[in-house]
Amino acid sequence: MLITFFGWSLSILIILLLILALLIATVPVKLLAGEIIYNKILKKEAGKLMYYLVGAVLFAIVYEIPFLGGLIRFIALIIGLGAIVVWLATRARPTG
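Cut-off values and rules
- Residues numbered from 1 in each chain as written.
- Predicted model: local features only at pLDDT ≥ 70, side-chain atom pairs only at ≥ 80, totals over all residues.
- Heavy atoms only, no water.
- 1 Å grid on protein atoms, 1.4 Å probe; cavity = no way out; pocket = protein on both sides within 12 Å on 5 of 7 lines; lining within 4 Å.
- Points joined across faces, edges and corners; volume = space filled by probe spheres on them.
- Helix = DSSP H or I, 4+ residues; strand = E, 2+ residues; numbered from the N terminus.
- Nonpolar A, V, L, I, M, F, W, Y, C, P; charged D, E, K, R; others polar.
- Expected span 1.5 Å × (residues − 1).
- Buried < 20%, exposed > 50% of the residue type's maximum accessible area, 1.4 Å probe, protein only.
- Arc of directions from axis to C-beta.
- Lys, Arg positive; Asp, Glu negative; His and termini not counted.
- Salt bridge = Lys/Arg side-chain N within 4 Å of Asp/Glu carboxyl O.
- Core = buried A, V, L, I, M, F, W, Y, C linked by side-chain atoms within 4.5 Å.
- Contact = heavy atoms within 4.5 Å.

A. Representation of the layout of surface pockets within the structure. Approximately 210 Å³ is the volume found for the largest pocket. For the largest pocket, the full set of lining residues is Leu17, Leu18, Leu20, Ala21, Ile24, Leu81, Ile84, Val85 and Leu88. At the level of secondary structure, the elements contributing two or more residues to the lining of the largest pocket comprise α1 (5-24) and α4 (68-92). When its residues are assigned to classes, the lining of the largest pocket shows nine nonpolar, no polar and no charged.

B. Structural view of helix α3 (residues 48-62). A rise of 1.5 Å per residue sets the reference length of α3, with its 15 residues, at 21 Å; its end C-alpha atoms lie 21 Å apart and thus fit the reference within 8%. Tyr51, Gly55 and Phe59 are the residues of α3 that are buried. Summarising the axial view, the buried residues of α3 lie within an arc of 60°, below the 170-degree limit, and thus occupy one face. Set apart from the buried face of α3 by more than 90 degrees, the exposed residues are Leu49, Val57 and Ile61.

C. Structural context of the side chain of Lys30. Position of Lys30 among the secondary structure elements: in helix α2 (residues 27-42). Buried charged residue Lys30 carries no salt bridge. Nearest counter-charge: Glu64, at 11 Å.

D. Here's a closer look at the nonpolar core. Membership of the largest hydrophobic core is limited to five residues, which are Val29, Ala33, Phe59, Tyr63 and Ala76. Those residues in contact with Phe59 that sit more than four places away from it in its chain are Val29, Lys30, Ala33, Ile72 and Ala76.

Structural measurements only, silent on function.
Pasting the structure below:
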């Protein structure tokens, strides 16, 4: 399929979309982890930005652990990609 002009341009688009998905895949995981940690420790509500910052700092610290950090990064990436796919599937489902 890469030989044809249409297949070549389509494959470039798919590769760019995959790179974008890999860049944003850990955002839902960091947001959820930050919300859980923030609510358990401070026992009060905050905005999504605060939840994300708490999760991002937590994951930045955990990613520095040798060997285990890479595994946790991979697991967070897979869970985040799954969350994005589920979200897109529910958005694409017809309501009627």
